[in-house]
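Coordinate inspection notes
Chain residues, written in single-letter form:
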Amino acid sequence: QVQLVESGGGLVQPGGSLRLSCAASGFTFSRFAMSWYRQAPGEQRELVESITSAGSTNYADSVKGRFTISRDNAKKTVFLQMNSLQPEDTAVYYCNAKHSWVPNDYIYWGQGTQVTVSS
């Protein structure tokens, strides 16, 4: 079975850092583009950053320079290093996988991990 399991969320003070992990199983990880989405209360889910199977990345303007996405194909894991966290970053963060060849046919989601930035 396909699984995406996020971890690393929690409560952090403004200006602090967190490192999220998403462990994948049940599919050919290296062939998938991986992304982090987030959804704040009362708001739509938004794309935060993504990394292709080739390693190229895209970042939302709101997190550029603060967040870094990376992947380890051997460990089938994608990471999100979050620095200089702000209260506006508070949200549930979701791991997403899309097949690089047929993204419309193979799309997977994790259950999400809560990130709360507050003093």
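That block above? That's the structure.
First things first, this report covers the structure right here in the doc. Remember, predicted model here, so these are calculated numbers, not experimental data. (Residues numbered from 1 in each chain as written. Predicted model: local features only at pLDDT ≥ 70, side-chain atom pairs only at ≥ 80, totals over all residues. Heavy atoms only, no water.)

Turning to the pairing of strand S9 (residues 91-99), a few remarks are in order. In terms of burial, S9 is a largely internal element, 7 of the 9 residues being buried. Examined bridge by bridge, strand S4 (residues 32-39) and S9 share 8 bridges and lie antiparallel to one another. Directly across from Ser35, in S9, lies its bridge partner Asn96. The sheet contact formed by S9 and strand S11 (residues 113-117) spans 3 bridges and is antiparallel. Each residue of the ladder has a partner; that of Val92, found in S11, is Gln114. (Buried < 20%, exposed > 50% of the residue type's maximum accessible area, 1.4 Å probe, protein only. Helix = DSSP H or I, 4+ residues; strand = E, 2+ residues; numbered from the N terminus. Pairing = 2+ DSSP bridges.)

Once that is clear, we can look at the side chain of Thr113. Note that Thr113 resides in strand S11. Side-chain polar atoms of Thr113 contact the backbone nitrogen of Gly9, separated by 3.3 Å. Not counting residues up to four positions away in its chain, the partners in contact with Thr113 are Glu6, Ser7, Gly8, Gly9, Leu20, Ala91, Val92 and Tyr93. (Polar contact = N/O pair within 3.5 Å; in protein donor to acceptor, adjacent residues only side chain to side chain. Contact = heavy atoms within 4.5 Å.)

On to unusual backbone geometry, then. Here Lys76, not a glycine, exhibits a phi torsion of approximately 50°, which is positive. Its location among the elements puts Lys76 in the loop between strand S7 (67-72) and strand S8 (77-82). With phi around 50°, Ser84 is a residue other than glycine that occupies positive phi space. Structurally, Ser84 is set in the loop between S8 and S9. Note on Ser84: relative accessible area 40%, which makes it partly exposed.

Under the counting rule described, the total for this entry stands at 5 aromatic pairs. Both rings, one in Phe27 and one in Tyr108, keep their centres 5.3 Å apart while their planes meet at 45°; by these two values the pair is tilted. One end of the pair, Phe27, is in the loop between strand S3 (18-25) and S4; the other, Tyr108, is in strand S10 (residues 107-109), and 81 residues separate them in sequence. Members of the aromatic cluster, connected to one another through ring pairs, are Phe27, Phe29, Phe32 and Tyr108. The positively charged end of Lys76 is found above the aromatic ring belonging to Phe27, 5.9 Å away from the centroid. (Phe/Tyr/Trp six-rings, centres within 6.5 Å; stacked < 30°, edge-to-face > 60°. Lys NZ or Arg CZ within 6 Å of the ring centre and 35° of its normal.)

Right, let's get into the environment of Gly15. Assignment of secondary structure puts Gly15 in the loop between strand S2 (10-12) and S3. Separated by 72 residues in the primary sequence, Gly15 and Pro87 place their C-alpha atoms 9.2 Å from one another. Excluding residues that lie within four positions of it along the chain, Gly15 makes contacts with Ser84 and Leu85.

Taking every second residue as pointing to the same face, the buried face of S11 carries Thr113, Val115 and Val117, while none of Gln114 and Thr116 on the other face is buried. Relative to S11, S2 runs parallel, the two sharing 3 bridges. When the bridges of S11 are listed, Gly10 appears paired with Val115.

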